[in-house]
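Observations on the three-dimensional arrangement
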Amino acid sequence: MSDAHRFWLNFLLLYAFIASITPEDCFYSQKLPDKLSLLDTKLNLSYCNITRLQPSTFRTYLNLQILDLSYNALEELDFSVFQYHTALEKLDISHNKLRTIKCSSLRYIRGITHVNMSYNYFETAFLCKEFATLTQLRHLGLSATRIDRYDFVNIAHQALETIFLGLEHLQRYESGSLQLLNTEKLHVVLPQVLTDSNLLLYDDFNISTTLEISHVLCEETCDDTIREVNMVIQKSKVSKLILRNITMPWHEMGKILQLSWHSTIEYLTIHRFTFTNRFYYEYIDFSKGSLKSLTFENVIPNVFLYSSVQHPLNIFSEMFVENLTISNAELTYFSCPVKSSIFQSLVLTNNKLSDGIFQNCETLTNIQFLNFQNNILERLSYIPSMTSTMQSLKHLDVSGNRLYTDFNTICEWSESLLVLNFSRNKITDSIFNCLPTNVEILDLSSNQISSVGKELNRLRSLKALYLSSNQLSHIPDCSYISTNLIYLNIDENLIYSPSKEQLTKCQNVKQIIIGKNKYQCNCDLKAFTSTAEMLHENLIGWPESFMCEYPEELKGVILKNFHPSEISCNIFILVGLIVGTMVVLMIFMFFLCKYFDLPWYIRMIFQWLRRKYRVRNSYRDEDMMGKRFHAFISYSQEDYEWVKHLLIPNIEKDDRSIKICHHERDFIAGKTIIENIINCIEKSFKSIFVLSPNFIQSEWCHYELYFAQHSLFGKNSNNLILILLDPIPQYLIPNKYSKLKAIMKHRTYMEWPKVKGKHGLFWANLREAIQTDIPLEDEETSVFN
Ligand SMILES: *[C@@H]1O[C@H](CO)[C@@H](O)[C@H](O)[C@H]1NC(C)=O
Ligand SMILES: *[C@@H]1O[C@H](CO)[C@@H](O)[C@H](O)[C@H]1NC(C)=O
């Protein structure tokens, strides 16, 4: 079956499986992972109230490797439900109600490495002979109320790594039963009540090198427990002893410490230790013994009691042990050992140690690793001086304190220091003035550093520099950093626009982590992106973790996919484009003007608009007095044909809303022509002059005379409409007609267009110029009254 076939088969099976969901199964309702994947290898079905396993239940999960069925209500188990799950490795069926398992079905889980069957209702710990076929088994968990001599005989030949025995309710133990086991680590939860019939640790304990004992509870005296531990310590080959969840008085713990100090035990670890009384100083012989490493973790302490002689905590500094860990124990103090100590490693994490620890302490000459992570140290200046007496110190971890830079004097570090962890403090830029010169790994992450000082060039051995989660706005200048640098972490800073040059300077650094910064995706970033592409082998997380943060619309876009257009980024192209557009526009305008006479149209429309505006505003009643016509027309005889056949019909139109005084038509006998004309002018609201070279030569002088008399030009030139029928060259106008010259110069006339298409607009404009809402006097009354 090909992968694709398998996928689709699985898909169909899954579909059928989801379709058959029953509400009571939390398997489907709550526990099903959000993204149900057929390729999922882990399935957690704990706390699901499952009472029976159906063969169909897991069929879709053919890749299942880890299955957690703990805390359910299974009463019986047939392993044949897993017959298709050949990859199954870890199975947790603890905390169910199993009384029996179907031994013959064990062959279906032959590949299993971890089985936890503890905390069920099994009465005996007997493992049937089919367990011998589980040859891959390395980790086994069991619980029982009774353990008999040959219960483990079927796995006796198997070399296991861990065996867990939850024996809180053990009632009967047949001596020697555990001897059959063969495991590196045995973890026993001791019976709640120890009686002579269940003292399992009395056996010669040669089955494992690591022993973990949990749940030891003794309020006042712990004789039975101590006796058992003593048996283990005296007679066994155990070299690593772990005591977990211990509740006892401090002096009883003292006895255990004393017993272990000179024994086969090399590593003693005490997890979750609760004192039941006060903590006071007690003399214990802690001179050099077998113990190499002692760990206290999660100590719930009681009140410290000072005797007049000794601070109770001095007991720890007196210990002759190479490695001591006291973690999460509310430790406030650790005194400088009186005699030269053999401490190589002191791990005092998650406590309440404060400034001043180990100042002027000259006995910690063997210390190599000092860890003060998560305490309340504040003044950074104490740290170098503390190390100056520690000639072997290689690794110092003061991360997660409250350290701030307060240097005022020259700082003196231990020369041997190679690893320095300052992360998660409040350190600022001045730290670069004071760093140990031989340091190889320097962790300054999660501080308040905004730029990297040139002083960094003194650290010639620097190999790794951690500066993530600070306030850097630029990539540090790698030319100031040791050429040995192979790792640089400047993730999660404030680098918006990283410079290509600075990145190039760092090209010898094998691993650069800079991805998670708030990149501003604009043209400036292009150069960086292409350099990054070139150096991608050195950039961890390229390209997927390099994303734009700004501008908003590009947020989340991967830098590699951000391609601003060449035009928007190149100033020359941009300028060229603008100039080009303007040139094209100008050429276009030129053609419009040349071939379509655009200025003429513009002028006409402008005049039309202006007239419309003026008509509405500037006529007063006295202007209207005695007017009978809208306009009078004056023209040269040579232009008579044009006036008669074009001008008058086009102005008056059919609706006769405009009345023209045409001296020929409205001629009054007995008057001279000039008198007729003057009368016409006086009865008309406006005067139209049809100008042409003929007009200038023949008639102009008359009108000039008249205008001079009435000074019409000056007073109300709004009422004067000049039509230029034919162009009049300037030289044709005699100098004495200065008025006309001025008018021609200012182009306050309407040009008669020669192109027929423009005539419509010309007439409309002219009509608009003449049209006024004036109340003309009655038609009947004579022109002369
Ligand atoms: C003790 O600590 C030192 C320094 O960290 C380490 O090298 C050594 O392996 C440790 N020894 C034991 C016994 O754990
Ligand atoms: C420094 O300490 C922190 C924990 O406080 C740890 O996560 C980090 O890995 C350490 N740095 C180095 C370089 O070991």
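In this report, the structure presented in the accompanying data block is examined. (Residues numbered from 1 in each chain as written. Chains lettered and ligands numbered in written order. Predicted model: local features only at pLDDT ≥ 70, side-chain atom pairs only at ≥ 80, totals over all residues. Heavy atoms only, no water.)

It is worth spelling out the overall build of the chain at this point. Scanning the chain for helices and strands turns up 19 helices and 33 strands. Burial statistics for the chain: of 785 residues in total, 46% are counted as buried. In the chain, the proportion of contacts linking residues at least 24 apart, taken out of those at least 6 apart, comes to 61%. Of the roughly 39300 Å² that the chain leaves accessible, carbon and sulfur atoms contribute 53%. (Helix = DSSP H or I, 4+ residues; strand = E, 2+ residues; numbered from the N terminus. Buried < 20%, exposed > 50% of the residue type's maximum accessible area, 1.4 Å probe, protein only. Contact = heavy atoms within 4.5 Å. Areas by Shrake-Rupley, 256 points an atom, 1.4 Å probe, with all protein chains shown as cover.)

Hydrogen bonds along the backbone pair up the strands of a sheet, which may run parallel or antiparallel. One open sheet accounts for five strands, arranged S30-S29-S31-S32-S33; its pairing is parallel. Only two strands of the sheet have a single partner each, and these edge strands are strand S30 (660-661) and strand S33 (750-751). Where strand S32 (residues 720-724) meets S33, two bridges bridge the pair, whose relative direction is parallel. Pairing of Ile723 across the sheet is with Met750, part of S33. Across the sheet, helix H13 (residues 640-652) is in contact with strand S29 (629-634), S30, strand S31 (684-691) and S32; its angle to S31 comes to roughly 145 degrees. Against the sheet, helix H19 (residues 759-770) touches S29, S31, S32 and S33, its axis set at about 160 degrees to S32. (Pairing = 2+ DSSP bridges. Axes fitted to C-alpha atoms, helices over the stretch in contact; angles between N-to-C directions.)

This brings us to the site of ligand 1. The environment of ligand 1 is made up of Tyr267, Lys292, Asn323, Gln344, Ser345, Gln368 and Phe369. Side-chain polar atom of Asn323 to an oxygen atom of ligand 1: 2.6 Å apart, as the coordinates give it. Summarising the interface, the protein chains cover 60% of the accessible area of ligand 1, which totals 360 Å² for the free molecule. The class makeup of the residues in the shell around ligand 1 is two nonpolar, four polar and one charged. (Near = heavy atom within 4 Å. Polar contact = N/O pair within 3.5 Å; in protein donor to acceptor, adjacent residues only side chain to side chain. Nonpolar A, V, L, I, M, F, W, Y, C, P; charged D, E, K, R; others polar.)

Scanning all chains against the criterion turns up 18 salt bridges. Among the salt bridges present, the one from Lys102 reaches Asp78, with a minimum N-O distance of 3.4 Å. One end of the pair, Lys102, is in the loop between strand S5 (100-101) and strand S6 (114-116); the other, Asp78, is in the loop between strand S3 (76-77) and strand S4 (90-92), and 24 residues separate them in sequence. Note on Asp78: relative accessible area 28%, which makes it partly exposed. Linked by salt bridges that have partners in common, Arg146, Asp148 and Arg172 make up one network. (Salt bridge = Lys/Arg side-chain N within 4 Å of Asp/Glu carboxyl O.)

Summed over the entire model, instances satisfying the criterion amount to six disulfides. For Cys218, the disulfide goes to Cys222, at an S-S distance of 1.9 Å. Here Cys218 and Cys222 share a disulfide; its torsion about the S-S bond, 100 degrees, makes the bridge right-handed. Cys521 shares a disulfide with Cys548; S-S distance 1.9 Å. Negative torsions about the S-S bond denote left-handed disulfides, and the value of about -90 degrees found for Cys521 with Cys548 makes this one left-handed. Here Cys521 is found in the loop between strand S27 (519-520) and helix H8 (524-534), whereas its partner Cys548 is found in strand S28 (residues 548-550), with 27 residues between them in sequence. Judged by its relative accessible area of 2%, Cys548 falls in the buried class. (Disulfide = S-S within 2.5 Å.)

Moving on to the side chain of Ser327. In this fold, Ser327 is placed in strand S18 (residues 323-327). For Ser327, a relative accessible area of 7% corresponds to the buried category. When neighbours within four sequence positions are excluded, Ser327 is seen to be in contact with Phe296, Glu297, Asn298, Val299, Thr349, Asn350 and Asn351.

As a further point, take unusual backbone geometry. Here the residue pair Trp542 and Pro543 is connected by a cis peptide bond, since its omega of 0 degrees sits within 30 degrees of zero. Counting through the fold element by element, Pro543 comes out in the loop between H8 and S28. Following Tyr550, the chain continues into Pro551 via a peptide bond in cis, with omega recorded as -10 degrees. Tracing the chain through its elements places Pro551 in the loop between S28 and helix H9 (566-569). The phi torsion at Asn328 lies on the positive side, around 50 degrees, for a residue other than glycine. Residue classification places Asn328 among the partly exposed positions, given a relative accessible area of 37%.

Here we come to the site of ligand 2. By nearness alone, every residue bordering ligand 2 is listed as Gln373, Asp397, Ser399, Asn421, Ser423, Arg424, Ile441, Asp443 and Tyr466. Residue Asn421 places a side-chain N or O atom 2.3 Å away from an oxygen atom belonging to ligand 2. Burial of ligand 2 by the protein amounts to 58% of the accessible area it has alone, namely 360 Å². Within the shell around ligand 2, the residues separate by chemical class into two nonpolar, four polar and three charged.

Of all eight residues in S31, eight are buried; the element is thus mostly enclosed. The pairing of S29 with S31 spans five bridges and is parallel. Bridging from a neighbouring strand, Ala631 pairs with Lys686 of S31. Sheet analysis places S31 next to S32, joined by five bridges and oriented parallel. In the sheet register, Val690 faces S32, and the bridge partner there is Ile723.

So, on to the pairing of S18. Regular strands show a simple pattern: their side chains alternate between the two faces of the sheet. Extensive coverage of S18 is indicated by the burial of four of its five residues. Here strand S16 (residues 293-300) pairs with S18 via five bridges, running parallel. Counted as the bridge partner of Phe296 is Ile326 from S18. Taken together, the three bridges between S18 and strand S19 (residues 345-347) define a ladder with parallel strand orientation. By the bridge assignment for S19, Asn323 is matched with Ser345.

Before going further, it helps to examine the packing of helix H3 (residues 223-235) against helix H4 (residues 250-261). Put simply, H3 and H4 touch, their axes get as near as 10 Å, and they point 10 degrees apart. As judged from the angle between their axes, H3 and H4 are roughly parallel. Across the interface between the two elements, Ile226, Val229, Asn230, Ile233 and Gln234 of H3 pack against Glu252, Lys255, Ile256, Leu259 and Ser260 of H4. Within the contact of H3 with H4, the residues separate by chemical class into five nonpolar, three polar and two charged. (Parallel < 35°, antiparallel > 145°, perpendicular 65-115°, else oblique.)

Let us look at empty space enclosed by the protein. Summed over the entire model, instances satisfying the criterion amount to four cavities of 30 Å³ or more. If you add up the space inside the largest cavity, you get close to 110 Å³. Lining of the largest cavity is provided by 13 residues; of these, Phe275, Val299, Phe316, Ile326 and Ala329 occupy positions nearest its centre. Counting only elements with at least two residues in the lining of the largest cavity, the list comes to strand S14 (267-275) and S16. (1 Å grid on protein atoms, 1.4 Å probe; cavity = no way out; pocket = protein on both sides within 12 Å on 5 of 7 lines; lining within 4 Å. Points joined across faces, edges and corners; volume = space filled by probe spheres on them.)

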